[in-house]
Amino acid sequence: MTHAPLRVVHYLNQFFGGVGGEERADLPVEVRPGPVGPGRALEQQWNGAAHIVATVVGGDNFVSTLADDTEAAIRAALNQASPDVVVAGPAFNAGRYGLACGLTCRLANELGIPSVTAMSPENPALAAYGKGIYIVPTGDLAASMARALPALARLAFKLGSGETLGSANQEGYLPRGERRDVWHVQTAAERAIEMLKKRMANAPFASEMPIEHFESVPPAAPLVSLSSARIALVSTGGVVPKGNPDRLREYNSVNWKRYLIGDLDRLEPGLWEPIHGGYDSTAARADPNRVVPLDALRTLEHAQVFGSLHDYYYVTVGVGTAVNNARRFGEDIARELHAADVQGVILTAT
């Protein structure tokens, strides 16, 4: 018996939808017939067994700031297209795009439509959607597109066909925090003893209940005397001189920068700008001091609430930045601050 090809709706942001970059991030949600951009390569993976009947394209800023309008538009598109499965992305390590993909999948699930997306395990969207949707892991950058699409297409086809999925390890999606009862030829006690023997023999084994480990960072001791302390400003908010002369990355940062603020009372709009790719920067662009509160700290300094403000401001971008890089940034900046006899730090984010 020949089955009709699966109907697929694909979600893309304005960049992968071919509309433009950050300058078009305010694009309202729109629907286009057929595959667009990476959707064409995705559709080729199915060899005619599934077709993308519609592509939903939304600007990252629009989707992240106008939730009601976005949800209404995506729901309408899904109801109109009646897909068998929804695919979003891949979003790689782009935070706003990842959140949009997660939102699209959540809305599809609420309508009873299976869905799947793909993004880096480091994408901030996992904090919001990692436990509720199927996510295929990718690299941080779009260079991993060719590796991501086969796994994404395979899982989408299984979901659209109504197949029962195996575990995350078997199917290639990120763990969703679910536990399912399955039949096993060995009892739990037998499996536990087998793992214990392997561990005692220093042989490789896989735990059935992996435990996530987080590094413990002890808080710094309180200042002995705030009135005489030298304070430094450090930020992961991505506020840099106009034009971003040092080409600091807007996400997945690999470095940090230091800028002289010793003769400034505030960061003037037009001379400083946010380049961070993970939040709506409209308010920060109008007044950079909302992210880097130089004006408020100068007021406190003049009132002798603390001793003095360090002459340099340190900045990087936090969104999607690998933990090992973030650790290195912190160590590098801390060494400079210790050498400059700085006693305290105001660390601002977004």
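Check the entry above for the structure.
The shown structure was predicted, so the numbers you read here are calculated from the model rather than taken from an experiment.

A.B. asks: Looking at this structure, how should I read the layout of surface pockets?
C.D. replies: Space inside the second largest pocket adds up to approximately 530 Å³. Along the wall of the second largest pocket there are 20 residues; nearest its centre are Val234, Gly330, Ile333, Val345 and Leu347. Of all elements in the fold, only strand E7 (230–235), helix H11 (323–339) and strand E12 (344–348) reach the threshold of two or more residues within the lining of the second largest pocket.

A.B. asks: Please explain the sheet that holds strand E9 (residues 257–260) as it appears in this structure.
C.D. replies: By way of backbone hydrogen bonds, the strands of a sheet pair with one another, either parallel or antiparallel. Here we have four strands laid out as an open sheet, ordered E9-E11-E7-E12, and mixed in their pairing. The two strands at the open ends of the sheet, each matched to only one other strand, are E9 and E12. The mean angle between the axes of side-by-side strands here comes to 25 degrees, regardless of whether they run parallel or antiparallel. Inspection of the sheet shows E9 paired to strand E11 (residues 308–315) by four bridges, in the antiparallel sense. Bridge pairing in E11 links Tyr259 to Tyr313. Set on the sheet, helix H10 (residues 294–302) makes contact with E7, E11 and E12; between it and E11 the angle comes to about 165 degrees.

A.B. asks: What exactly am I supposed to notice about the nonpolar core here?
C.D. replies: A general feature of soluble globular proteins is that nonpolar side chains tend to end up buried together. Membership of the largest hydrophobic core comes to 55 residues, with the highest contact counts inside it found for Tyr11, Leu42, Trp46, Val116, Leu152 and Leu155. In terms of nonpolar packing, the next biggest core, distinct from the first, is built from 23 residues, Tyr259, Ile261, Ile275 and Tyr313 among them.

A.B. asks: Explanation requested: the packing of aromatic side chains in the structure shown.
C.D. replies: How two aromatic rings sit relative to each other is set out by the distance from centre to centre and by the angle between their planes. Counted under the stated rule, the structure contains eight aromatic pairs. On the numbers, 6.1 Å between centres and 45 degrees between planes, the contact of Phe16 with Phe92 is tilted. One end of the pair, Phe16, is in the loop between strand E1 (6–13) and strand E2 (30–33); the other, Phe92, is in the loop between strand E4 (85–88) and helix H4 (95–110), with 76 residues separating them in the sequence. Positioned above the aromatic ring of Tyr134 is the side chain of Arg176, whose terminal nitrogen or guanidinium carbon lies 3.8 Å from the ring centre. Looking at Arg258, its charged tip hangs above the ring of Tyr312, at a distance of 4.7 Å from the centre.

So, how was this worked out
Residues numbered from 1 in each chain as written. Predicted model: local features only at pLDDT ≥ 70, side-chain atom pairs only at ≥ 80, totals over all residues. Heavy atoms only, no water. 1 Å grid on protein atoms, 1.4 Å probe; cavity = no way out; pocket = protein on both sides within 12 Å on 5 of 7 lines; lining within 4 Å. Points joined across faces, edges and corners; volume = space filled by probe spheres on them. Helix = DSSP H or I, 4+ residues; strand = E, 2+ residues; numbered from the N terminus. Pairing = 2+ DSSP bridges. Axes fitted to C-alpha atoms, helices over the stretch in contact; angles between N-to-C directions. Contact = heavy atoms within 4.5 Å. Core = buried A, V, L, I, M, F, W, Y, C linked by side-chain atoms within 4.5 Å. Buried < 20%, exposed > 50% of the residue type's maximum accessible area, 1.4 Å probe, protein only. Phe/Tyr/Trp six-rings, centres within 6.5 Å; stacked < 30°, edge-to-face > 60°. Lys NZ or Arg CZ within 6 Å of the ring centre and 35° of its normal.

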